[in-house]
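Next come the chains, spelled out residue by residue.
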Amino acid sequence: MTYELLAAQKATGNTLNLTNSTTQVVWSTQRTGQPGKLTFTYLRTPESKLEEGDVIRFSVNGQLQFYGWVFTRGFDRWGPVDVVCYDRIRYLKANASYSFYGQSAGDIIRQIAEDFELDVGELADTGYKLPSLIMQDKSCIDIINTALQKTLLNTGKVYVFYDSGDGLALKEANDLKTDIVIGDYSLMTNYTFDSSIDTQTYNSIKLARPNQKTGKADVFVMKDSEHIGKWGLLQLYQTVDEAANDAQVKEQAKVSLEYYNRVLQQLKFSSLGVPGLRAGALILVNLSDLDGEPFKRYVMLEKAEHTFKNDEHTMELEAKAL
């Protein structure tokens with residue numbers, strides 16, 4: 001394994017190769033709500049001083065892993081410098097107010113990116129246009145995540161928003177399916193498993209649509225009586241767009257029930273590293289015995305943290321079973 005850490009100094013115009021002076025690099029991604037993050041520690045010389053805003057590129061075996069900017073530096077009297085960098089999504093922490101009508105999640109991402117002067121990469125066509133999305137004084141990350149959540153509950157498809165290195169990107173999770181297998185005899189060194197109906201599990205969906213004519217809400221309910229008998233009533237209540245017709249609201253209730261009406265299974269893995277593996281990707285987990293029976297299923301990575309140190313590459317992964 002070979003890796004390369006390059007830094008472009010904006011003050012001098014020079015490009016520095018910090019690979020041989022770096023003692024550790026950690027690259028982490030989360031599927032929702034946070035930018036990609038790169039931290040590293042390096043031995044500074046007068047010529048290799050970094051400043052906030054300098055551009056950082058990190059590659060492994062010639063494959064770009066991270067492209068971003070220096071946000072934080074720290075050091076003590078002995079000299080090694082700790083650096084924290086983020087990708088483009090960091091700039092979307094800024095609050096803003098937007099009103100979107102009849103636009104897809106990709107359209108919304110493109111407009112926000114243009115307003116914040118951010119490059120855009122490949123944006124998938126979700127095939128679904130939100131009737132309206134009005135958000136006041138919210139972070140742009142929250143606005144985009146809300147658009148993706150509404151897309152999920154109306155299409156049943158999970159879309160992953162991330163920085164590809166070339167720009168802000170959007171892909172359906174199935175397009176991020178990998179051939180990577182983690183399990184008893186493949187990469188894994190340890191795991192923990194949690195099974196729960198305490199969060200993000202609902203067996204009854206209740207959607208309310210405002211009705212200005214009656215002054216009351218039109219209510220649509222879809223539930224699973226079998227799971228209610230087994231778990232008790234776990235209800236999700238949401239208000240939907242007034243412009244949605246009956247068929248659209250019923251379809252959203254149906255899709256929502258299909259998505260939430262399950263036991264949430266979460267796994268955390270420690271494993272040997274695989275370059276390029278990021279949050280949002282699908283990997284196959286193959287365990288001969290998990291909770292008393294074999295487990296061979298795809299999981300979606302919610303978090304991925306890579307550590308490169310002393311020519312070793314390891315990962316800490318958090319995932320949800322599909």
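Criteria and cut-off values
Residues numbered from 1 in each chain as written. Predicted model: local features only at pLDDT ≥ 70, side-chain atom pairs only at ≥ 80, totals over all residues. Heavy atoms only, no water. Helix = DSSP H or I, 4+ residues; strand = E, 2+ residues; numbered from the N terminus. Expected span 1.5 Å × (residues − 1). Buried < 20%, exposed > 50% of the residue type's maximum accessible area, 1.4 Å probe, protein only. Phe/Tyr/Trp six-rings, centres within 6.5 Å; stacked < 30°, edge-to-face > 60°. Lys NZ or Arg CZ within 6 Å of the ring centre and 35° of its normal. Pairing = 2+ DSSP bridges. Axes fitted to C-alpha atoms, helices over the stretch in contact; angles between N-to-C directions. Lys, Arg positive; Asp, Glu negative; His and termini not counted. Salt bridge = Lys/Arg side-chain N within 4 Å of Asp/Glu carboxyl O. Contact = heavy atoms within 4.5 Å.

Trainee: Break down helix α2 (residues 140-155) for me, with residues and values.
Mentor: Compared with an ideal rise of 1.5 Å per residue, which puts 16 residues at 22 Å, α2 spans 22 Å between its outermost C-alpha atoms and is within 8% of the ideal. Taken as a whole, α2 has its buried residues at Cys140, Ile141, Ile143, Ile144, Ala147, Leu148, Thr151, Leu152, Leu153 and Asn154. With its phi angle positive at about 80 degrees, Gly156 sits one or two positions after the end of α2.

Trainee: For the packing of aromatic side chains, give the residues involved together with the corresponding values.
Mentor: Applying the stated criterion across every chain, the model contains 11 aromatic pairs. Relative to Tyr91, the ring of Phe71 lies with its centre 5.6 Å away and its plane at 55 degrees, an arrangement referred to as tilted. Of this pair, Phe71 sits in strand β6 (residues 63-75) while Tyr91 sits in the loop between β7 (81-86) and β8 (95-103), and the two are 20 residues apart along the sequence. On the basis of relative accessible area, Tyr91 is assigned to the partly exposed category, the value being 32%. Linked through ring pairs, Tyr67, Trp69, Phe71, Tyr86 and Tyr91 together constitute an aromatic cluster. The ring centre of Phe75 lies 4.7 Å from the NZ or CZ of Arg44, which sits over that ring. Taking NZ or CZ as reference, Arg262 lies 5.5 Å from the ring centre of Tyr259, over its face.

Trainee: Lay out the sheet that holds strand β15 (residues 204-211) with the relevant residues and their values.
Mentor: Sheet architecture is open: three strands sit in the order β16-β15-β17, paired in mixed fashion. With one partner strand each, in any of the chains shown, β16 (216-223) and β17 (235-239) form the two edges of the open sheet. Neighbouring strand axes in the sheet, compared pairwise and without regard to direction, differ in orientation by 20 degrees on average. Of the strand pairs in this sheet, β15 and β16 are connected by eight bridges, and their pairing is antiparallel.

Trainee: Lay out the side chain of Glu172 in plain terms, naming residues and giving numbers.
Mentor: When you line up the elements, Glu172 lands in strand β12 (residues 168-172). Despite its burial, Glu172 pairs with no opposite charge, the nearest such side chain being Lys157 at 4.5 Å. Beyond its immediate sequence surroundings of up to four residues, Glu172 is in contact with Ala124, Lys157, Val158 and Tyr159.

Trainee: Pulling in residues and values, what's your account of the side chain of Thr201?
Mentor: Looking at where Thr201 falls in the secondary structure, it is placed in the loop between β14 (188-196) and β15. For Thr201, the residues in contact, after removing those within four places along its chain, are Ser196, Trp231, Leu234, Tyr260, Arg262 and Leu264.

Trainee: I'd like a rundown of the sheet that holds strand β9 (residues 120-123), residues and numbers included.
Mentor: The strand order across the open sheet formed by three strands is β9-β12-β11, and the pairing between neighbours is mixed. With one partner strand each, in any of the chains shown, β9 and β11 (159-163) form the two edges of the open sheet. The average angle at which neighbouring strand axes cross in this sheet is 20 degrees, direction not considered. Direction of pairing for β11 relative to β12: antiparallel, over a ladder of five bridges. Paired with Phe161 across the bridge in β12 is Leu170.

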